[in-house]
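Results of the structural survey
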Amino acid sequence: MQTASEYTQGEPYPAPAVGWYATILLALLYWLSVLDRFIISLLVDPIKQDLGLTDVQFGMLQGLAFLLSFTLFGFMFGALADRVDRRRLIFIGMSIWSLATALCGFAQSFLHLLVGRAGLGAGEAALSPCATSMISDLFPREKLTSAMAVYSIGATVGSGTALMVGGAIVYYASTLGDVVLPLVGQVRTWQLVFLMVGLPGLLLAFSVFTIPEPPRRGVRQALSTGRSWRSAYMDLFRFIRSRPRFFFCHYLGFTLATAGLTGGVGWYPVHMMRSFGWSEGRIGLILGITLMTAGIAGKLITGWVVDAMYRRGYRDAQLRWYAGCLLLGTPFGIIGAMSDNPWVFLGGIGLFVTLATSMPACAMTALNLVTPNQLRGTGVTVFTTIAALLGSSIGTVIIPFLRSHVFHSESAIGLGIACLIGVSCPLGAVVLAGGLGAMRRAM
């Protein structure tokens, strides 16, 4: 076990206004990345018609192409985030994803779009490892959870408004019809949407240089800053082995929570259409507002409460609070998912999301409080990869599996959601509770 003397403390923290400006700007960039990621979901029919794509090919564009490049380049950017100027890395990543989005506007085939979506995933992989590392250096420990919560609100607002803002852009582009651009020629409406969304990001990327590159705090003196990528991850795994109980409980507990939280999100609209007979437009508006409001409220409450707990001496505050949220939120999620009343469903799911949506803020803060500065980028990358590949993927598959092979009913999506929440969330809470002592010792 390393002592505090083996870690450098760095310079005094910047003024709170500087830290909050940086956090809000990074949250805005996070929001833009989500918009660029999901805009293609509004262009399915015109793209399929013009390029002759199948549903399977379009599924690859929305999921596989993005996820694979996001994961592969995430390991590279995670290592770089621990070694170089993080603002420059965010600038490079944002330039790549914005350019890739814009280049989709010139696509003439499935392969062109596939390359563009892969470029989008590669660029977006740079943001969170750098942003969470910078935020950890901008705020003292007793304020860090609140800052992480504000940053993660960028994703909440992004997913909630992507369809609304994207829809407005699509509508405006449709009023223009096919346009002729200099040196390019005729551009279809869906191609114009990609250009309108992607090109502004190339200019906004420069805004990252309006925030300071904070001095790195909590640097472990035994680790070199000039390590290769391979040695960076070897150092991380050696550090994980030195605190096995904390990392096991953290990774497994938050991955189980991810399954319960995100697994059902993609199936909420289907359940409401099949069980309540609501239209897509009504579901998009009311469900979107419900989830966005619940997500923002839950993250702000978590930041305030967890930081207060930390100031009162709870060095395991992030794990302790979130384990309690999972236990308290599970009954609301089950009741909502099993109800045949749409308003009870929205109320139950809304309360469940309010309690469970703080997962990224708690997970990232706990991870960065324990991990030395030189390993934070790699640590965040490994965790997000595990949570995405296992938590999100398994969660989205379990629900239709239960509907088809257990309940044998097209209208049993709600029962599948209830089963997923009822198993994964309490189990995640138990696992996190098992890591409380390990986190206190690691701190």
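This is a predicted model, so every value here is computed, not measured.

1. A short note on the overall build of the protein
Counting its regular elements, the protein contains 18 helices and four strands. The buried share of the protein, reckoned over its 443 residues, is 55%. The contacts of the protein with a sequence gap of at least 6 include a subset with a gap of at least 24, amounting to 81%. For the protein, the exposed area adds up to about 18,400 Å²; of that, 69% sits on carbon and sulfur atoms.

2. Side note on helix α5 (residues 110–124)
Across its 15 residues, α5 extends 21 Å between first and last C-alpha, which sits within 8% of the 21 Å expected from 1.5 Å per residue. Every buried residue belonging to α5 is among F110, L113, G116, R117, G119, L120, G121, A122, G123 and E124, and all of these are buried.

3. A short note on a nonpolar patch on the surface
Together, L389, L390, I394 and I398 make up an exposed nonpolar region whose accessible area comes to about 310 Å². Residue placement: I398 occurs in helix α16 (residues 376–407). The partly exposed category is assigned to I398, whose relative accessible area is 30%.

4. Focus: helix α11 (residues 268–276)
Among the residues making up α11, those that are buried are Y268, V270, H271, M272 and F276. Phi turns positive, to about 70°, at G277, one or two residues after α11.

5. Some remarks on the nonpolar core
As a rule of thumb, soluble globular proteins bury nonpolar side chains together. In terms of nonpolar packing, the biggest core is built from 115 residues, with I47, F254, Y322 and F383 touching the most fellow members. Residue contributions to this core peak at nine residues, all from helix α15 (residues 359–370). When neighbours within four sequence positions are excluded, Y322 is seen to be in contact with F254, A257, L355, A356, S358, M359, C362 and L432.

6. Considerations on the packing of aromatic side chains
All told, the structure shown has 16 aromatic pairs when counted by the stated rule. Here the aromatic residues F239, F246, F247, Y251, F254, Y322 and F383 are joined through ring pairs into a cluster of three or more. Looking at R217, its charged tip hangs above the ring of Y13, at a distance of 4.0 Å from the centre. Over the face of the ring belonging to Y310 we find R315, whose NZ or CZ atom lies 4.1 Å from the ring centre.

7. Overview of the side chain of N368
Looking at the secondary structure, you find N368 in helix α15. On the basis of relative accessibility, which here comes to 1%, the residue N368 falls in the buried class. One polar contact links N368 to S136, side chain to side chain, over a distance of 2.9 Å. Every residue in contact with N368, bar those within four places of it in the chain, is listed here: T132, S133, S136, M148, R376 and V380.

8. A few points about the confidence of the model for the protein
When pLDDT is averaged along the protein, the result is 85; 88% of the residues meet or exceed 70. Of all helices and strands in the protein, the one with the weakest mean pLDDT is strand β1 (residues 7–8) (51), whereas helix α13 (residues 317–338) scores best (96).

9. Considerations on the packing of helix α4 (residues 86–103) against helix α6 (residues 127–138)
Relative to each other, α4 and α6 sit at 150°, their axes nearing to 9 Å. The angle between α4 and α6 falls in the class roughly antiparallel. Here α4 runs over α6; the crossing is left-handed. Judged by residue contacts, R86, R87, L89, I90 and W97 of α4 engage L127, C130, A131, S133, M134 and D137 from α6. Split by residue class, the contact of α4 with α6 holds seven nonpolar, one polar and three charged.

Reading the values: the criteria
Residues numbered from 1 in each chain as written. Predicted model: local features only at pLDDT ≥ 70, side-chain atom pairs only at ≥ 80, totals over all residues. Heavy atoms only, no water. Helix = DSSP H or I, 4+ residues; strand = E, 2+ residues; numbered from the N terminus. Buried < 20%, exposed > 50% of the residue type's maximum accessible area, 1.4 Å probe, protein only. Contact = heavy atoms within 4.5 Å. Areas by Shrake-Rupley, 256 points an atom, 1.4 Å probe, with all protein chains shown as cover. Expected span 1.5 Å × (residues − 1). Patch = residues over 30% accessible without salt bridge, like charges linked within 9 Å, V, L, I, M, F, W, Y side chains within 5 Å. Salt bridge = Lys/Arg side-chain N within 4 Å of Asp/Glu carboxyl O. Core = buried A, V, L, I, M, F, W, Y, C linked by side-chain atoms within 4.5 Å. Phe/Tyr/Trp six-rings, centres within 6.5 Å; stacked < 30°, edge-to-face > 60°. Lys NZ or Arg CZ within 6 Å of the ring centre and 35° of its normal. Polar contact = N/O pair within 3.5 Å; in protein donor to acceptor, adjacent residues only side chain to side chain. pLDDT = per-residue confidence, 0-100. Axes fitted to C-alpha atoms, helices over the stretch in contact; angles between N-to-C directions. Parallel < 35°, antiparallel > 145°, perpendicular 65-115°, else oblique. Left-handed = near helix turned anticlockwise from the far one by under 90°. Nonpolar A, V, L, I, M, F, W, Y, C, P; charged D, E, K, R; others polar.

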